[in-house]
Amino acid sequence: MSRIKLATVWLGGCAGCHMSFLDLDEWLFELAKVAELVFSPIADAKVFPEGVDVALVEGAVANEDNLELIKKVRERSKWVISFGDCAVTGNVTALRNPLGDPTPMLKRIYLAANVVTEGVPSEKGIVPALLPRVMPVHEVIKVDAFLTGCPPSAARIQAALEPLVKGELPKLEGEHIRFGQGA
Amino acid sequence: MIKSHSDLEIISLEEKQNTAQYRHRVMCCNSTACLSAGAHGVREAFEASIKREGLEPQVQVVPVGCMGLCSQGPLVAVKSRLPNQETGGKTETLYHSVNPELAETICQEHLANGKAVEAQVLSPELPFFARQQRIVLANAGEINPERIEDYIARGGYQALLQALSTMTPLEVVESIEQSGLRGRGGGGYPTGKKWRMLHEAQAESKYVVANGDEGDPGAYMDRTIMEDDPHRIIEGMTIAAYATGAQQGYLYVRAEYPVAVRRLETAIRQAKRQGLLGNKILDKDFGFSLEVRIGAGAFVCGEETALLASIEGKRGQPVLRPPYPTQRGLWQSPTMINNVETFANISSIIQKGADWFRSIGTDSSKGSKVFALAGKLNHTGLIEVPLGITLRDIVEDMGGGVAKGRNLKAVQTGGPSGGCIPEAYLDTAIDYESLQHLGSIMGSGGFIVMDNDDSMVDIAKFFMEFCRDESCGKCLPCRAGTVQMYQLLDKISKSQASLDDLARLEDLCDMVKHTSLCGLGQTAPNPVLSTLQYFRQEYLDLMTDSPPQVADKAINYEALGEG
Amino acid sequence: MPINLNINEQNLKAQEGETLLTVARREGIPLPTLCFLEGLSVAGSCRLCLVEVEGSSKLQPACALKVTEGLSVKTATERLKRYRKMIVELLFAEGNHVCAVCVSNGNCELQDLAVQMGVDHIRFSYQFPERKVDLSHPLFGFDANRCVLCTRCVRACDEIEGAHTWDVAGRGQSAHIISDMAQPWGSATSCTSCSKCVAVCPVGALFGKGVSVAEMKHQPAVVDFLASARREQNWHKKEEQ
Ligand SMILES: Cc1cc2nc3c(=O)[nH]c(=O)nc-3n(C[C@H](O)[C@H](O)[C@H](O)COP(=O)(O)O)c2cc1C
Ligand code: SF4
Ligand code: SF4
Ligand code: SF4
Ligand code: SF4
Ligand code: FES
């Protein structure tokens, strides 16, 4: 049986979802039998490849790099799954949204307080510029399924991946979809 | 104190004698529309030049209410005691677009020499006037609304006297039932049925309330009635109190209508002084007092339960019905709420009879309705027409059609709760049911005509913005739904929306319409639904396959400057 | 008087004057609610408990609908489910709900509703409103970001405690809860610090100070206990009798 091409993507999030992914422990060996991890922050791939079957996207779309990457992910993947609350709702990453345009905040942190750096860090190609508003992934691209939780527990991730590796979209329900929780 | 028919007759005769001593009476419109067009200066110019010509003993200047054709104001009518040859034997001449210079000319030529200034005369045969049937506006433009004598001279308070001295309360209720009168506040609920409910309610105290909140954008039907003929409303309410057993009444008027408030208060004072309000009205064993209550101008306070909360001094937001106000209203007592135009019909029904009223209108909807014509018409203003007239007659005949070279597209009725009726359906005879059938409503009388320059999406967006801003926030579907619907309409109007967005808009319309607590939310989707029903292509033309995914641009760090 | 009614094709008996919600709960028929709380007056504002009534085109809130002889209702049609799901989504979209850092995470009626309705993402655009947090009270806190405007606190404080500290100000999307005349809660002289409002809040908007993420447990049943104890003049807890 040929393995599906699985990618995991890390946008504006704390990497907790990926930690939780690693919590799958020995089931990762089962997963490896049916899925090939072609792109991931925990794998050494620089370019998001073509022909991905399933992309798990952690984090919200918060900066220019996130935006560029998520568009590529959409183009090159059959299914995109919002992975964790930041991807699904904006969550902690979007806590800044009610304050509006982040410019005054950046100025206050980097110019007024001026503790660590000189000026607002803006090295081209190194520090991506923030978007004025953090967006959940489905506000930017079409998303095929949602995996909630902050972070989603290993059990919940497994429950989503099991149908995915068989070529089916997951239908999580009940406690498996509760926001904020991992259960 | 007026106690009898002859007391009324005496006032009426004195008043008629009074006016008969003048050769000409110059009726200057003193309503808001004409005032904003400079009517005040016109009246002053008349007064000054009449004085200069030494015509004071022969000519009286009277400030009167709205004559209707507001788009051509300031309007001035000259009423002459004797028909004169120069004006073709007429006793009444109506001038449009009068300014102070013209006032002077009219004074010198018409008032002094009996020669009308023909160039500025409006023909009474103009369909705008000729096709009206004025019942509630019968006195508007004819009397000085600040004088009770003017009202009495035109038959005022005869109906009250008739009801009190010749009819039992139940007979009054029955007469209103038979007339077929329906509520003019929008819903069209049978007025007599409501009166009967209050009549039958057993309680120590009962209330009648007139709804003069009139929050629809662009509406001024009720304001005109209140400003131009306040006694007609008071008389209607007093008859209602007699019929239903209420001892106390409230006139709820928005604070944005200071002139209406002042005139109603003046009228109440005058009526009290004449024994037409208070204890022992017309020397009968019947008392009724009336107070004006001023609302802060929230649209939702026109909703009856919110209005009652507001009168009680609470936050003006709707509460669940049942219980209905006629069961439990003001301070837990049975209360009946009617629109001011509804009350303004009462005296005529009592005087001329239910059968007369029934003879006007359609099978389901009797009498007349006041509409505020606005939009792309040649003549705009206030009209009162018999129900059953077609939309096309109003638009093309009375309104004079749309400007040359333009195409009539649709008529919007019912304001933010109504819908857009396309040109193809304009031959529909207006009544409550026919408009509803077309996806709109009668509403309180808004009537906006649109031509091909008007975007239906923009119209829907305008009304949705209004509902969003006027939602009281009590129930979730309206509070949050109007926000989302507005944002989607905004996106569509800017060609940034996808078919998914359109589907989401339709889902929201369906949900908000069926789940909102009060009429505001329940009808807020109507302008969207009706434009989607008839003008869906306009929405589709604005769709895009590639909505700008991130409309906003990233922060420009260079612009932040160096530390 | 006993009457007959029909819920979801099931014939049932009830007492005249009872609400449909009371009957449904007794019979174990699930109905989502948010603004309703046993022991408080009925607001009928969240619209989650709407049901379809045979012979009427208008949906009726079960929390306010008095049962009558022959009443026939449906409580879980596809249409009702669709509306309820949208209502829950709109509640999430209009406030700022960051469950992961919320005191009520895991003990929240809004979360529960999302689970029940199958809400795994929000289809409507988040409004990200700018809202206040009031920590001026020595014992309690109020985070308006999580307030769903159910007005349970308003009613509990007014009807059970008699203090009437809370009220609603503003309208539409700016409607919000205020204490006294829009003063900080800590300087609201009407507040007796009885904690009833905190007990009844369905979400993480009102909380006791010192609780951390997921530690806040509300006690909404307290108002029913107090209301019925007063009614029946019996102050023993039911279990203790
Ligand atoms: C949001 C809303 C606004 C309303 N505004 C008015 C109003 O300004 N004037 C009015 O007479 N009725 C208004 N109504 C209708 C009233 O609730 C009520 O039905 C009416 O005053 C009854 O009088 P009627 O039977 O004479 O029409 C409004 C209803 C809603 C839901
Ligand atoms: S429908 Fe709108 S105006 Fe009416 S109660 Fe609900 S929120 Fe208030
Ligand atoms: S109140 Fe409930 S839904 Fe809102 S953030 Fe807290 S736990 Fe989540
Ligand atoms: S603590 Fe008690 S008195 Fe104070 S606001 Fe809450 S319910 Fe009211
Ligand atoms: S603070 Fe809590 S109880 Fe009060 S209205 Fe908001 S959500 Fe309801
Ligand atoms: S619980 Fe019935 S409307 Fe909120």
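Figured I'd write up the structure that's included with this text. (Residues numbered from 1 in each chain as written. Chains lettered and ligands numbered in written order. Predicted model: local features only at pLDDT ≥ 70, side-chain atom pairs only at ≥ 80, totals over all residues. Heavy atoms only, no water.)

Turning next to helix H19 (residues 476–493) of chain B. Residue and element names in this part refer to chain B. Relative to the 26 Å expected for 18 residues at 1.5 Å per residue, H19 spans 25 Å between its end C-alpha atoms, a close match to the ideal helical length. Here H19 lies mainly inside the structure; 15 of its 18 residues are buried. Phi for Ser495, located one or two positions after H19, is positive at around 55 degrees. (Helix = DSSP H or I, 4+ residues; strand = E, 2+ residues; numbered from the N terminus. Expected span 1.5 Å × (residues − 1). Buried < 20%, exposed > 50% of the residue type's maximum accessible area, 1.4 Å probe, protein only.)

Right, let's get into the environment of B:Ala271. Within the secondary structure, B:Ala271 is located in helix H12 (residues 258–273). Setting aside residues up to four positions removed in sequence, B:Ala271 forms contacts with B:Ile148, B:Tyr157, B:His231, B:Leu276 and B:Leu277. (Contact = heavy atoms within 4.5 Å.)

Residue and element names in this part refer to chain B. The environment of ligand 1 is made up of 18 residues, and the closest members are Gly185, Lys194, Glu214, Asn339 and Thr342. For ligand 1, the protein covers 87% of the area, taking 610 Å² as the surface of the free molecule. Sorting the residues of the shell around ligand 1 by element identifies strand E9 (335–339) and helix H21 (519–523) as the ones contributing at least two each. (Near = heavy atom within 4 Å. Areas by Shrake-Rupley, 256 points an atom, 1.4 Å probe, with all protein chains shown as cover.)

Under the defined criterion, the tally for this structure stands at 57 salt bridges over all chains. A:Arg76 serves as the salt-bridge partner of A:Glu50, at 3.6 Å between the closest nitrogen and oxygen. With A:Glu50 in the loop between strand E2 (35–39) and strand E3 (52–58) and A:Arg76 in helix H3 (residues 64–76), this residue pair connects regions lying 26 residues apart in the sequence. Of the residues examined, A:Glu50 reaches a relative accessible area of 56% and is grouped as exposed. The salt bridge involving C:Arg152 is made with C:Glu109; its shortest N-O contact spans 2.7 Å. Within this pair, whereas C:Arg152 is found in helix H4 (residues 152–161), its partner C:Glu109 is found in helix H3 (residues 109–117), the two being separated by 43 residues in sequence. (Salt bridge = Lys/Arg side-chain N within 4 Å of Asp/Glu carboxyl O.)

Each partner contributes residues to the interface: chain C has 33 residues there, and chain B has 29 residues. Between chain C and chain B, roughly 2500 Å² of surface is buried when both sides are summed, and carbon and sulfur atoms account for 55% of that area. On the chain C side of the interface with chain B, the three residues burying the most area are C:Arg47, C:Leu90 and C:Arg171, jointly 23% of the side's total. Applying the counting rule to chain C against chain B returns 3 salt bridges. The salt bridge involving C:Arg82 is made with B:Asp510; its shortest N-O contact spans 3.2 Å. The interface formed by chain C and chain B contains 18 residue pairs in polar contact (both at pLDDT 80 or more). Of all the secondary-structure elements, those providing two or more residues to the side of chain C that touches chain B are helix H2 (78–94) and strand E8 (166–169) of chain C. At 9 residues, H2(C) tops the list of elements feeding residues into the side of chain C that touches chain B. For the side of chain C that touches chain B, the class distribution of residues is 19 nonpolar, 7 polar and 7 charged. (Buried area = accessible area lost by both parts, 1.4 Å probe. Polar contact = N/O pair within 3.5 Å; in protein donor to acceptor, adjacent residues only side chain to side chain. Nonpolar A, V, L, I, M, F, W, Y, C, P; charged D, E, K, R; others polar.)

The subject of this paragraph is the pairing of E9(B). Residues and elements named next belong to chain B. Summarising burial for E9: 5 of the 5 residues are buried, a large majority. On E9, burial covers both faces: Thr335, Ile337 and Asn339 on one face and Met336 and Asn338 on the other are all buried. Across 5 bridges, the pairing between strand E6 (residues 207–212) and E9 is parallel. By the bridge assignment for E9, Asn211 is matched with Asn339. (Pairing = 2+ DSSP bridges.)

Here the focus is a nonpolar patch on the surface. A cluster of nonpolar side chains, namely A:Met19, A:Leu22, A:Leu37 and A:Ile42, defines an oily patch on the protein surface of about 350 Å² accessible area. Note on placement: A:Leu37 falls in strand E2. (Patch = residues over 30% accessible without salt bridge, like charges linked within 9 Å, V, L, I, M, F, W, Y side chains within 5 Å.)

All right, on to the site of ligand 4 then. Residue and element names in this part refer to chain C. Around ligand 4 sit 14 residues, and of these Cys157, Trp166, Cys191, Cys194 and Cys197 come closest. Elements that contribute at least two residues to the shell around ligand 4 include exactly H4 and helix H5 (196–200). Among the residues making up the shell around ligand 4, the classes are represented as 8 nonpolar, 4 polar and 2 charged.

Before going further, it helps to examine the sheet that holds strand E4 (residues 60–61) of chain C. Residues and elements named next belong to chain C. The 5 strands lie next to each other as E2-E1-E5-E3-E4, forming an open sheet whose pairing is mixed. Two strands in the sheet have a free side with no partner beyond their single neighbour: strand E2 (10–15) and E4. The pairing of strand E3 (residues 50–53) with strand E5 (residues 71–74) spans 2 bridges and is antiparallel. The residue of E5 that forms the bridge with Glu52 is Lys74. Contacting E3 and E5, H2 crosses the sheet at an angle of about 160 degrees to E3. (Axes fitted to C-alpha atoms, helices over the stretch in contact; angles between N-to-C directions.)

All names here are of chain B. The peptide bond linking Arg321 to Pro322 adopts the cis configuration, its omega dihedral lying at -10 degrees. Looking at the secondary structure, you find Pro322 in the loop between helix H13 (304–311) and E9. In this chain, Pro322 is followed by Pro323 through a cis amide linkage whose omega measures 0 degrees. You can see Pro323 is positioned in the loop between H13 and E9. Located in the positive-phi region is Leu282, a residue other than glycine, with phi close to 50 degrees. Looking at the secondary structure, you find Leu282 in the loop between H12 and strand E8 (289–295). Residue class for Leu282 comes out buried when judged on its relative accessible area of 0%.

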